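# Topology and contacts: notes
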There are 2 protein chains.
Amino acid sequence: MELAAYLQEKREIIDQYLTEKLPSEKEAPALIHRSMRYSVLNGGKRLRPILTLMTAELLGKPYELVLPAAAGIELIHCFSLVHDDLPCMDNDDYRRGKLTNHKVFGEAVALLTGDALLVLGLEYIRQNAEVEGVSKESAVKAIQKTLEMLGTRKMLGGQIDDINWQLQKQSEAKIIDIYLKKTSALICAALEIGGLLAQANVGELSALHSFGEKIGLAFQITDDVLDFEKDKKSPDKPSYPATFGIKKSLAEIKRYCREAKESLSLFENKAKYFLELVDYVQYRKE
Amino acid sequence: MELAAYLQEKREIIDQYLTEKLPSEKEAPALIHRSMRYSVLNGGKRLRPILTLMTAELLGKPYELVLPAAAGIELIHCFSLVHDDLPCMDNDDYRRGKLTNHKVFGEAVALLTGDALLVLGLEYIRQNAEVEGVSKESAVKAIQKTLEMLGTRKMLGGQIDDINWQLQKQSEAKIIDIYLKKTSALICAALEIGGLLAQANVGELSALHSFGEKIGLAFQITDDVLDFEKDKKSPDKPSYPATFGIKKSLAEIKRYCREAKESLSLFENKAKYFLELVDYVQYRKE
């Protein structure tokens, strides 16, 4: 199967799971359930949960083994987007061509919707303990890993650093550190919880972590290059390309993509889709 | 020991644990760690984590068995307060006589601080799995119970209903339902995770749940009566006393307190401090 078809298949599995599993708009309190579905079922790429499913298959396990946790990671990603879009943060009116949550439901509901997506995302990861073939212990480790990757030493710390970055210039090392925290951390969580639930060994988990860091950096710098070129965001908004220029950014994306591929060398040709996905990130145009 | 001294002793244990365990203001990113400590180490009553410690002792176990989870419940309570105080929610400038988080750190930091307190609170509950004498399984159940009590069917659902309540009148049954969700649910979580970690049986867990519902109702209506009398909150803000008057409110508080005590009959005189705590809630003046 070609990568595009493979990704499409996995994306439909995630979308179907979320569509069926998220609380219905008919269930009280209807308002927050409608709001949650609005911000989750919105045509997202589902990159993070697809990585969780891909990791199970990389380790020779069926994707069904990790499906609840994969869906949980997507909800946690959506939580971070809903809060990021709020007026006190990025103050974005649109996301993926649709009005952002607070533009439709108001700030109070958007705030609580983000909170609820975080709680429900963690609950889906916990529910993965009930899947046949998953040990209670690996499910606890998956929750632990997710909480670690979300905390102030990782994702939320990266978001705080991002706010400071608006106020003062940062060194290249600091910018890379911010990207590792705000973007790579949740991608690492997606990969590593897939690995933990599918009983990866220590070497495999370490390879997945390294891959997540590198692909996260490549992904974020690419995102910023695309934004910078389209001038979608304020030109004052600091980013890697705004600081170091497009040429150096493209060279760094290329390097991180190469290093991402190298991280997975121990999986040999079983990592085929991962390696192709790296090229997809490197050459994407939107 | 008298109840007041017992509560003071337990409160100091919680405060000491949080003071030592919360990330230092010196650790990067310093801003969010300073902000978290500001909103946690603020002289709170620590009612919820004290209930967790009391539950372990009620079941004949040392309070140390449940201390990390108790601290986690307090962080989760603080998360809900920081988000509740935000301009888009209650827009409060002061809490416990100090400026609210967003008045000191700004809205963006307050938003992320709430998120971080929720994540770290859940992590502390997970860490309770590492306490000697606690089974991995009961720790997973404690996380599950907490997530259940936080979700849109419980605490976050109660907060959404509370927003709607500003817009339209509610029946008495609906008001009680809102209080059960927005206030009793986290108190139930505090009691029940204490019970789960200290290996309570099904009957004991059910008694703790019922006690939590009733004491939560009595606590919230008392809070609203005190606010109503002092006219601290806007007179337009809906509440049980604003809807049904002080006389009926006091009668209901009395009834819920009696029912709270009755819930614990199976513990006989071991529940001494719980019963005295009910009187403390019933007759408190601030």
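Note that the coordinates shown come from a computational prediction; the quantities given were computed from them, not determined experimentally.

### Considering the overall build of chain A
Counting its regular elements, chain A contains 12 helices and 2 strands. Reading the helices (α) and strands (β) of chain A from amino to carboxyl end gives α-α-α-α-β-β-α-α-α-α-α-α-α-α. A compact globule built from 286 residues should have a C-alpha radius of gyration of about 19 Å, and chain A, at 18 Å, falls within 12% of that. For the C-alpha atoms alone, the extent of chain A along its principal axes is close to 50 × 50 × 35 Å. Pairs at least 24 apart in sequence give 69% of the contacts found in chain A among residues at least 6 apart.

### Some points on helix 11 (residues 240-263) of chain B
Residue and element names in this part refer to chain B. Spanning 24 residues, helix 11 covers only 23 Å between terminal C-alpha atoms, well under the ideal 34 Å at 1.5 Å per step. Taking the largest bend as the criterion, helix 11 deviates by roughly 100 degrees, centred on Ile246. Looking at the packing, one finds that the buried side of helix 11 touches helix 9 (172-197), helix 10 (202-230) and helix 12 (272-283).

### Quick look at the nonpolar core
Core analysis: the largest hydrophobic core is formed by 178 residues, its most contacted members being Val66 and Leu197 of chain A together with Val66 and Leu197 of chain B. When near neighbours in sequence (up to four residues on either side) are disregarded, Leu197 of chain B contacts Leu65, Val66, Ala69, Asn128, Val134, Ser138, Ala139 and Ala142 of chain B.

### Describing the interface of chain A and chain B
With 39 residues of chain A at the contact, the number on the chain B side is 39 residues. If you list the elements that add at least two residues to the side of chain A that touches chain B, you get helix 2 (30-40), helix 6 (107-127), helix 7 (136-150) and helix 8 (155-165) of chain A. With 13 residues, the top contributor of residues to the side of chain A that touches chain B is helix 6 of chain A. Residue composition of the side of chain A that touches chain B, grouped by class: 24 nonpolar, 8 polar and 7 charged.

### Considerations on the relation of the copies chain A and chain B
Structural alignment of chain A on chain B gives an RMSD of 0.0 Å, achieved by rotating through 180 degrees and translating 0.0 Å along the axis. In short, the pair behaves as if placed about a two-fold rotation axis. Most of the interface of chain A is mirrored in chain B, where 100% of its interface residues are also at the interface.

### Topic: the packing of helix 8 of chain A against helix 6 (residues 107-127) of chain B
At a minimum axis distance of 10 Å, the contact between helix 8 of chain A and helix 6 of chain B shows a crossing angle of 170 degrees. By the angle between their directions, the pair helix 8 of chain A and helix 6 of chain B is classed as roughly antiparallel. Facing Leu156, Gln159, Ile160 and Ile163 of chain A of helix 8 of chain A, the residues of helix 6 of chain B in contact are Ala108, Val109, Leu112, Asp115, Ala116 and Val119 of chain B. A breakdown of the residues in the contact of helix 8 of chain A with helix 6 of chain B according to their chemical character gives 8 nonpolar, 1 polar and 1 charged.

### So, unusual backbone geometry
The omega angle of the peptide bond from Ala28 of chain A to Pro29 of chain A is -10 degrees, so this bond is cis rather than trans. Within the chain, Asn91 of chain B stands out as a residue other than glycine whose phi angle is a positive 50 degrees. Tracing the backbone shows Asn91 of chain B in the loop between helix 4 (67-85) and strand 1 (94-95). Unusually for a residue other than glycine, Gln199 of chain B sits at a positive phi of about 55 degrees. For Gln199 of chain B, the position within the fold is in the loop between helix 9 and helix 10. Residue Gln199 of chain B is classed as partly exposed on the basis of its C-beta count, with 16 C-beta atoms lying within 10 Å.

### Focus on the environment of Tyr280 of chain B
Checked against the element boundaries, Tyr280 of chain B lands in helix 12. When the C-alpha positions of Tyr280 of chain B and Phe219 of chain B are compared, they lie 9.9 Å apart, and in sequence the two are 61 residues distant.

### Details of helix 8 (residues 155-165) of chain B
Every α-helix winds through 3.6 residues per turn, so residues three or four apart in the chain are directed the same way. Along helix 8 of chain B, 8 of the 11 residues are buried, which leaves the element largely enclosed by surrounding structure. By the burial criterion, the buried members of helix 8 of chain B are Met155, Leu156, Gly157, Gly158, Gln159, Ile160, Asp161 and Asp162 of chain B. Buried-residue contacts for helix 8 of chain B involve helix 2 and helix 6 of chain A together with helix 4, helix 7 (136-150) and helix 9 of chain B.

### Description of the packing of helix 10 (residues 202-230) of chain A against helix 12 (residues 272-283) of chain A
Residue and element names in this part refer to chain A. Between helix 10 and helix 12, the shortest axis-to-axis distance is 9 Å and the interhelical angle comes to 20 degrees. When the axis of helix 10 is compared with that of helix 12, the two are roughly parallel. The handedness of the crossing between helix 10 and helix 12 comes out as left-handed. In contact with Phe211, Ile215, Ala218, Phe219 and Thr222 of helix 10, helix 12 contributes Phe274, Val278, Val281 and Gln282. Classifying every residue of the contact of helix 10 with helix 12 gives 7 nonpolar, 2 polar and no charged.

### Overview of the environment of Phe228 of chain B
Residues and elements named next belong to chain B. Considering the arrangement of structural elements, one finds Phe228 in helix 10. Residues Phe228 and Ser239, spaced 11 residues apart in sequence, show a C-alpha to C-alpha distance of 8.5 Å. Beyond its immediate chain neighbours, meaning those up to four positions away, Phe228 contacts Ser239, Pro241 and Ala242.

### Some remarks on the environment of Gly114 of chain B
Residues and elements named next belong to chain B. Along the polypeptide, Gly114 turns up in helix 6. Placed 95 residues apart in sequence, Gly114 and His209 show a C-alpha to C-alpha distance of 26 Å. Beyond its immediate sequence surroundings of up to four residues, Gly114 is in contact with Phe79, Val82 and His83.

Conventions adopted
Residues numbered from 1 in each chain as written. Chains lettered and ligands numbered in written order. Predicted model: local features only at pLDDT ≥ 70, side-chain atom pairs only at ≥ 80, totals over all residues. Helix = DSSP H or I, 4+ residues; strand = E, 2+ residues; numbered from the N terminus. Rg over C-alpha atoms; globule rule 2.2 N^0.38 Å. Contact = placed C-beta atoms within 7 Å. Expected span 1.5 Å × (residues − 1). Bend = angle between axes of the 7 residues up to and from the residue. Core = buried A, V, L, I, M, F, W, Y, C linked by C-beta atoms within 7 Å. Buried ≥ 20, exposed ≤ 12 C-beta atoms within 10 Å, placed from the backbone. Nonpolar A, V, L, I, M, F, W, Y, C, P; charged D, E, K, R; others polar. Least-squares fit on C-alpha atoms with pLDDT ≥ 70 in both. Axes fitted to C-alpha atoms, helices over the stretch in contact; angles between N-to-C directions. Parallel < 35°, antiparallel > 145°, perpendicular 65-115°, else oblique. Left-handed = near helix turned anticlockwise from the far one by under 90°.

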